[in-house]
Amino acid sequence: MQRIRLRYTKRGRLRFTSHRDFQRAFERALRRAEVPMAYSAGFTPHPKVSYANAAPTGTGSEAEYLEIALTEPRDPDKLRELLDESLPDGLDITDAVEARTSGLADRLTASVWELRLDGVEPEAADNAVTAFLAAETVEVQRKTKNGMRTFDARGAVAGLQAGRPQPDRPGEGPCAILRLVVRHVTPAVRPDDVLSGLRAVADLAPPVPAAVTRLAQGLFDEESGTVTDPLAPDREAAPAAPPTAAGTASATAPEGPAA
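Keep in mind it's a predicted model, so treat the numbers as computed, not measured.

Draft legend 1. Molecular detail of the pattern of salt bridges. What the rule picks out here adds up to 17 salt bridges. Across the pair Glu62 and Arg11 runs a salt bridge whose closest N-O atoms are separated by 2.8 Å. Of this pair, Glu62 sits in strand 3 (residues 60-70) while Arg11 sits in the loop between strand 1 (2-10) and helix 1 (19-32); the two residues are 51 residues apart in sequence, bridging distant segments of the chain. Take Arg11: its relative accessible area is 35%, and that puts it in the partly exposed class. Of the charged contacts in the structure, one is a salt bridge between Arg164 and Glu123, with a shortest N-O distance of 2.9 Å. One end of the pair, Arg164, is in the loop between strand 8 (157-163) and strand 9 (175-183); the other, Glu123, is in helix 3 (residues 122-134), and 41 residues separate them in sequence. For Arg164, a relative accessible area of 54% translates into the label exposed. By relative accessible area, which is 43% here, Glu123 ends up partly exposed. If you follow the salt bridges from partner to partner, you end up with Arg3, Arg5, Glu67, Arg107 and Asp234 in one network.

Draft legend 2. Local environment of the pairing of strand 10 (residues 211-218). Direction of pairing for strand 3 relative to strand 10: parallel, over a ladder of two bridges. Paired with Gly60 across the bridge in strand 10 is Thr213. Of the strand pairs in this sheet, strand 5 (residues 110-118) and strand 10 are connected by seven bridges, and their pairing is antiparallel. Counted as the bridge partner of Leu115 is Val212 from strand 10.

Draft legend 3. Focus on the packing of helix 3 against helix 4 (residues 191-202). Interhelical geometry of helix 3 versus helix 4 gives an angle of 95° and a closest axis separation of 9 Å. The angle between the axes of helix 3 and helix 4 places the two elements in the roughly perpendicular class. In this structure, helix 3 contributes Ala128, Val129, Ala131 and Phe132 to the contact, and helix 4 contributes Val194, Gly197, Leu198, Val201 and Ala202. Classifying every residue of the contact of helix 3 with helix 4 gives eight nonpolar, one polar and no charged.

Draft legend 4. Focus on the packing of aromatic side chains. Taken as a whole and judged by the stated rule, the model has three aromatic pairs. Each ring, one from Tyr8 and one from Phe22, has its centre 4.2 Å from the other, and the planes form 5°; the classification is stacked. Linking Tyr8 in strand 1 with Phe22 in helix 1, this pair joins segments that are 14 residues apart in sequence. Note on accessibility: Tyr8 and Phe22 belong to one class, buried. Geometrically, the ring pair formed by Phe22 and Phe26 is stacked, given 5.8 Å between the ring centres and 20° between the ring planes. One end of the pair, Phe22, and the other, Phe26, are both in helix 1, four residues apart, so they sit about a helical turn from each other. A relative accessible area of 3% means that Phe22 is categorised as buried. Members of the aromatic cluster, each reached through a chain of ring pairs, are Tyr8, Phe22, Phe26 and Tyr51.

Rules and cut-offs
- Each chain carries its own residue numbering, running from 1 in the direction its sequence is written.
- Residues qualify for local features only when their pLDDT is at least 70, as the model is predicted, and side-chain atom pairs are given and counted only at 80 or more; totals for whole chains, interfaces and linings, by contrast, use all residues.
- Remark: hydrogens and water are excluded; side-chain values derive from all non-hydrogen atoms of the structure.
- Criterion for a salt bridge: a side-chain nitrogen of Lys or Arg within 4 Å of a carboxyl oxygen of Asp or Glu.
- Counting from the N terminus, the helices are DSSP H or I runs at least four residues long and the strands are E runs at least two residues long.
- For each residue, the accessible area found with a 1.4 Å probe, counting protein chains only, is set against the maximum for its type, and the residue is called buried under 20%, exposed over 50%, and partly exposed in between.
- By the convention used here, strands pair only if DSSP detects at least 2 bridges between them.
- To get an axis, fit a line to the C-alpha atoms, keeping to the stretch in contact for a helix; angles then go from 0 to 180 degrees between the N-to-C directions.
- Each angle is binned into one of four classes, with values under 35 degrees roughly parallel, values over 145 roughly antiparallel, values of 65 to 115 roughly perpendicular, and all other values oblique.
- Any two residues having at least one pair of non-hydrogen atoms within 4.5 Å are treated as being in contact.
- Gly counts as polar in this scheme, as do all residues outside two lists: the nonpolar Ala, Val, Leu, Ile, Met, Phe, Trp, Tyr, Cys and Pro, and the charged Asp, Glu, Lys and Arg.
- Between rings of Phe, Tyr and Trp, where Trp is taken as its six-membered ring, a pair exists when centres lie within 6.5 Å; planes separated by under 30 degrees are stacked, by over 60 edge-to-face, and by other angles tilted.

In structure tokens, the structure reads:
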């Protein structure tokens, strides 16, 4: 059985796609691309697809991950192209590697998020970020199926910066951009929880909902403060390509007589 790990996106209006909606769309894409999927046993067999830490509905993402199991080997790059063609624009397969290591989910320990706050002055956002980072704890509340829950939103935040939009992404009126690095902890701290924390410590309240996009997720490097590519270990574990016939002949051909 071959296992392939895929990175995919949720862009534009498809950021409102729920995880269940994406599952249905992806399984249709598997059938269209005629992928030789492995299936589970039992009365209701289903394709062996493992989803890892999906982004909340309503948030965009450049870094979602899943793993599929195949009954026949396939080239990961060609498989990526076939699946990408079979999915709607906005749900894009951007990377594929053969799984050669274990524990993909264990390597997703942190996420990098971008929060676009239209109607917020960058200076106000910067002051709120300073107050948030200076606090030892920032308690926020979130409604769950068991009622309201209070938890600390500060401890999971490994980095938070305020800035301005890029020149190629202008907008009307003031706008602040937050770049957030958050560890995956229990209970999970989401970008909207951090926004609640900024409102609690600095009364920062954007007049319109924030546009939230996950830029990356993977292992958090404590020394550099960066989030590393979770598929890199699989690439590094791939066997080196054998030399070509021309390269071998060139390397072994005896030298001619000196002039």
